[in-house]
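So the chains spell out like this:
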Amino acid sequence: MHQRKKMTDYVVLLKEKGLKATFQRMNILEVIEKQGHMSVDDIYEEVMKVHPSLSLATIYKNIILMQENGILVEVPIAGKKSKYELAKADHLHLICTECGEVEDKMCLEKTDAVFHQLTEEEHFKLNRRQVNLYGICEACQAKIVS
Ligand SMILES: [Zn+2]
Ligand SMILES: [Zn+2]
């Protein structure tokens with residue numbers, strides 16, 4: 001059975017976080033949600049197709065604002081420009097340092113237990129976490145060998 005992924009209601013999301021639901025912001029969110037993780041340059045390139053008059057500075061400002069309001073999350077890529085994703089349930093990232101591809105991994109029961117144990121030992125109250133594992137993806141490994 002083919003099931004279409006339900007997209008987030010950006011108007012509700014933006015308003016919940018106290019931001020005006022402008023077309024630019026909704027377009028940025030839509031582009032990011034489709035791709036998963038994107039750099040500012042990639043977002044700019046996509047958004048330009050719909051809003052050709054938007055400047056990179058404006059898009060960047062909106063991304064930072066939405067990050068500050070907890071709608072977007074920055075994912076640092078070692079040696080490359082950061083990517084951004086929609087804030088979602090805590091998950092792990094497998095990040096390829098060759099091509100910059102970011103894969104989400106949701107299996108967190110085991111890792112959650114480790115984090116809670118570690119932080120409890122330090123009497124540290126854990127709120128948020130982002131776990132980034134850097135390495136080389138399967139496709140890039142194949143390229144390196146050949
Ligand atoms: Zn790769
Ligand atoms: Zn992610």
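Everything that follows concerns the structure shown earlier in this document.
Chains are numbered independently. Their residues run from 1 in the order of the written sequence. Working convention: letters from A go to chains and numbers from 1 go to ligands, in the order in which they are written. Confidence filtering applies because this is a predicted model: local features only for residues at pLDDT of at least 70, side-chain atom pairs given and counted only at 80 or more, and all residues used for totals across whole chains, interfaces and linings. By convention in this description, side-chain values take in all heavy atoms of the structure and omit both hydrogens and water.

**A look at the coordination of the zinc ion (ligand 2)**
Each donor-metal-donor angle in an ideal tetrahedron of four donors is 109.5 degrees, and each such angle in an ideal octahedron of six donors is either 90 or 180 degrees.
Piece 1. Donor atoms are limited to N, O and S found within 2.8 Å of the metal ion, a distance that becomes 3.2 Å for Na, K and Ca. With water left out, some sites might look partial. The coordination sphere of the zinc ion (ligand 2), as far as protein atoms go, consists of His-37 (NE2), Glu-85 (OE), His-91 (NE2), His-93 (NE2) and Asp-104 (OD), spread over 1.9 to 2.3 Å.
Piece 2. Summarised as a motif, the one-chain spacing of the donors to the zinc ion (ligand 2) is H-x47-E-x5-H-x1-H-x10-D.
Piece 3. Residue exposure (1.4 Å probe, protein chains only): buried if accessible area is under 20% of the type maximum, exposed if over 50%, otherwise partly exposed. Looking at Glu-85, the relative accessible area reads 3%, which means it is buried.
Piece 4. Classification of His-93 as buried rests on a relative accessible area of 1%.

**Let's talk about the environment of Glu-103**
Piece 1. Here a helix means four or more residues in a row that DSSP labels H or I, a strand means two or more in a row labelled E, and each is numbered from the N terminus. For Glu-103, the position within the fold is in strand E5 (residues 102-105).
Piece 2. Sequence spacing of Glu-103 and His-93 is 10 residues, and the spatial spacing of their C-alpha atoms is 5.6 Å.
Piece 3. Ignoring sequence-local partners within four residues, the contact set of Glu-103 consists of Leu-92, His-93 and Leu-94. Residues are treated as being in contact if the distance between any of their heavy atoms lies within 4.5 Å.

**Structural notes on the side chain of His-91**
Piece 1. Structurally, the position occupied by His-91 is in the loop between strand E3 (83-86) and strand E4 (92-96).
Piece 2. A relative accessible area of 8% places His-91 in the buried class.
Piece 3. A polar side-chain atom of His-91 sits 2.8 Å from the main-chain carbonyl oxygen of Ala-89.
Piece 4. A polar contact is formed between the side chain of His-91 and the side chain of Asp-104, at a distance of 3.0 Å.
Piece 5. Beyond its immediate stretch of four places on either side in the chain, His-91 contacts His-37, Glu-85, Asp-104, Lys-105, Met-106, Leu-108 and Val-131. What qualifies as a polar contact is a pair of N or O atoms within 3.5 Å, subject to a donor-acceptor requirement within protein and to the restriction that residues adjacent in sequence count only when both atoms come from side chains.

**Some thoughts on the packing of helix H3 (residues 40-50) against helix H4 (residues 56-68)**
Helix-helix packing: each pair is described by the crossing angle between the helix axes and the interaxial distance.
Piece 1. Axis definition: a line fitted to C-alpha atoms, over the contacting stretch in the case of helices. Angles run 0 to 180 degrees between N-to-C directions. Here H3 crosses H4 at 115°, and the two axes come no closer than 10 Å. By crossing handedness, the relation of H3 to H4 is classed as right-handed. Contact residues: Val-40, Asp-41, Ile-43, Tyr-44 and Val-47 in H3; Leu-56, Ile-59, Tyr-60 and Ile-63 in H4.
Piece 2. Under the convention adopted here, Pro, Cys and the residues Ala, Val, Leu, Ile, Met, Phe, Trp and Tyr are nonpolar, Asp, Glu, Lys and Arg are charged, and Gly plus all remaining residues are polar. The class makeup of the residues in the contact of H3 with H4 is 8 nonpolar, no polar and 1 charged. For any helix crossing, the convention is left-handed if the near helix is rotated counterclockwise from the far helix by under a right angle, and right-handed if that rotation is clockwise.

**Focus on the sheet that holds strand E6 (residues 131-135)**
Piece 1. Strand pairing is assigned whenever DSSP identifies at least 2 bridges connecting the two strands. The strand order E5-E4-E6 describes an open sheet built from 3 strands, whose pairing is mixed. The sheet is open, and its two borders are formed by E5 and E6, each paired with just one other strand. On average, each strand axis in the sheet is inclined to that of its neighbour by 25°, with strand direction left out of account.
Piece 2. Bridge analysis of E4 against E5 gives 4 bridges, and the strand direction is antiparallel. Note that in E5 the partner of His-93 across the bridge is Asp-104.

**Things to note about the sheet that holds strand E1 (residues 38-39)**
Sheet strands pair via backbone hydrogen bonds, and the direction of the pair is either parallel or antiparallel.
Piece 1. With respect to topology, 3 strands assemble into an open sheet ordered E1-E3-E2, the strand pairing being antiparallel. Edge positions in the open sheet fall to E1 and strand E2 (72-75), since each of these has one partner strand only.
Piece 2. With 2 bridges connecting them, E1 and E3 associate as antiparallel partners. When the bridges of E3 are listed, Met-38 appears paired with Tyr-84.
Piece 3. This element, H4, spans E2 and E3 of the sheet and lies at about 105° to E2.

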